[in-house]
Amino acid sequence: MASQGSRGGVGRAIKRSSRRWLPSPATTRTRMRMPRRRHNSEGLVCFAQENRENRETKGPQRSWAEEVYGEKAFRPEEKTQEAALNAQALSLDVAASIDDHGGEDRLQRNEEDLVQGDELPQVSRGQVFTACAGTSVLFVFLAGWLRSFATAHGAPESLVSDPEGLGLKTGALALGCTAMVTLGRVALLSVNQDFARATRRSNDQVLSPLKPYDYVWLALLTGASEELLFRGALLPATTYDDWRAVLISAAVFGYFHRSGGRNWVFAIWSTVVGAVYGAAFVHSGNLLVPMVAHSCSNLASAAIWRDSNKRRGEQNKSDGGV
C-alpha cells in the first residue's frame, strides 16, 4: 500500500510540473497567429522600404490635437505669451513709423517714454505752498548768517552791498539771462531723455495741483530765496570776486537740485544755470539781476510744462477718437 501511495504522489508531482512548464492552449494559439519576424538583413531592408512608402503616400502622422482643433497641442500660457509678443511687435512697428517724422515727434516720444510707477506721489496745493514757504524762510535765515560771516571775513564790498533798483542795462542783462536759460532748457528737453524725464517728473508733482496764477508766487518765492542764499550769501562767503566764486556757488547750487525726482543730469544743468546767474551777479554787482532772471526762468519753465501737458492731452483725445 505504501508503494502504491508513493507512486501516486510521484505521478501527481510530474503532472503539476508538466502543467507549469508547458504553454497553455491560448498562448499556443496566439503564437501561431503572430507572423514570424524576419531577422535577416534582406528582411530589414524590405521592412524599412515599406515604412518609407507608407509615409510618402499617407503623409506625416497627425496628433490628436491636430485632428480635433486643427493645430498642435498648446498650453494656455503659451497663448498669452504669443499675444504679448504680437503686441510688442506692433508697438515697435508703430514707433519705427513715428521715428520718421522729425524732432517734434522725438520730443513727444521722449516725454511718453515714462514707465508706469515712475511718477512721484501726488501732493495738494496746500502742501506745495507750505513746503515752498518753509524752504524760503530757511534759505533766508541761512543767507543772513552766511552774509554776516562773509562781511566779517573780508568779502568783496561790491558783493555784500545792498542791491539797487534795476536800470536799463541791468534789466536787459536779467532778460538776456532768462532767454539764455529758457532756450537752453528747451533744446536739452528735445535731445536728452533723462533730463526730460526728471523735469517732467518734478513738475508733475509740484505744478499739477496749482492754478496758473499760482505759478507767479511760486516762481518769485523760489527765485528770490535761492538767489539770496547761493549768490547773495554763499558767493561772497568764498572771499573771491571772480570765476572761482561763481563756480563754487554754482556747484553747490547744482548739488542741491538733484533731489525731488530729479537726477544727476538735471543737477549738471542746474550747475550751468547757477554759473550764468553767478556771472551776472559778479558782472553787475546787483543781486536783483539774478533774482529777476531766476524767477522769470522758473515762470517760463512752468509755462512750457503746461503747454506740453495741453498738447499731450489733445493728442490722447485725437488718438482715442480714431
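Residues numbered from 1 in each chain as written. Predicted model: local features only at pLDDT ≥ 70, side-chain atom pairs only at ≥ 80, totals over all residues. Heavy atoms only, no water.

Chemist: Tell me about the overall build of the chain, and name the residues and values.
Modeler: When its secondary structure is counted, the chain shows 14 helices and 0 strands. Counting across all 322 residues of the chain, residues that qualify as buried make up 28%. Looking at the chain alone, contacts between residues at least 24 apart form 76% of all its contacts between residues at least 6 apart. Accessible area of the chain: about 21500 Å², with a carbon and sulfur share of 60%. (Helix = DSSP H or I, 4+ residues; strand = E, 2+ residues; numbered from the N terminus. Buried < 20%, exposed > 50% of the residue type's maximum accessible area, 1.4 Å probe, protein only. Contact = heavy atoms within 4.5 Å. Areas by Shrake-Rupley, 256 points an atom, 1.4 Å probe, with all protein chains shown as cover.)

Chemist: Go over the environment of valine 289, please, and point to the residues and values.
Modeler: Relative to the assigned elements, valine 289 resides in helix H14 (residues 288-321). For the pair valine 289 and alanine 172, spaced 117 residues apart in the sequence, the C-alpha separation amounts to 9.2 Å. The contact partners of valine 289, leaving out residues within four places of it in the chain, are Leu166, Thr170, Leu173, Ala174, Ala280 and Ser284.

Chemist: Provide a residue-level description of the packing of aromatic side chains, including the pertinent values.
Modeler: The geometry of an aromatic ring pair comes down to the distance between the two centres and the angle between the two planes. Per the stated rule, a full pass over the model turns up 9 aromatic pairs. Ring geometry for phenylalanine 195 versus phenylalanine 266: centroids 5.5 Å apart, planes at 20°, classification stacked. Note that phenylalanine 195 is positioned in helix H10 (residues 193-207) and phenylalanine 266 in helix H13 (residues 264-284), a separation of 71 residues in sequence. Neither phenylalanine 195 nor phenylalanine 266 differs from the other in exposure class; each is buried. An aromatic cluster is defined as three or more aromatic residues linked by ring pairs; in this entry it consists of Phe139, Phe230, Phe253, Tyr255, Phe256 and Trp264. Directly above the ring of phenylalanine 253 sits arginine 231, whose terminal nitrogen or CZ lies 4.5 Å from the centroid. (Phe/Tyr/Trp six-rings, centres within 6.5 Å; stacked < 30°, edge-to-face > 60°. Lys NZ or Arg CZ within 6 Å of the ring centre and 35° of its normal.)

Chemist: Requested: an account of H13, with residues and values cited.
Modeler: Compared with an ideal rise of 1.5 Å per residue, which puts 21 residues at 30 Å, H13 spans 30 Å between its outermost C-alpha atoms and is within 8% of the ideal. Among all positions in H13, only Phe266, Ala267, Trp269, Ser270, Val273, Gly274, Val276, Tyr277, Gly278, Ala280 and Phe281 are buried. Two or three places before valine 265, at the opening of H13, asparagine 263 has a side-chain oxygen 3.3 Å from that residue's backbone nitrogen. Immediately beyond the C-terminal end of H13, within one or two residues, lies glycine 285, with a positive phi of roughly 70°. (Expected span 1.5 Å × (residues − 1). Polar contact = N/O pair within 3.5 Å; in protein donor to acceptor, adjacent residues only side chain to side chain.)

Chemist: Summarise the pattern of salt bridges; cite the residues concerned and give the values.
Modeler: Using the criterion set out here, one finds 6 salt bridges in the structure. Aspartate 194 serves as the salt-bridge partner of arginine 197, at 3.4 Å between the closest nitrogen and oxygen. Here arginine 197 and its partner aspartate 194 are both found in helix H10, 3 residues apart, which amounts to about one turn of the helix. A salt bridge links arginine 311 to aspartate 307; the nearest nitrogen and oxygen atoms lie 3.3 Å apart. Of this pair, arginine 311 and aspartate 307 are both found in helix H14, 4 residues apart, which corresponds to roughly one turn of the helix. (Salt bridge = Lys/Arg side-chain N within 4 Å of Asp/Glu carboxyl O.)

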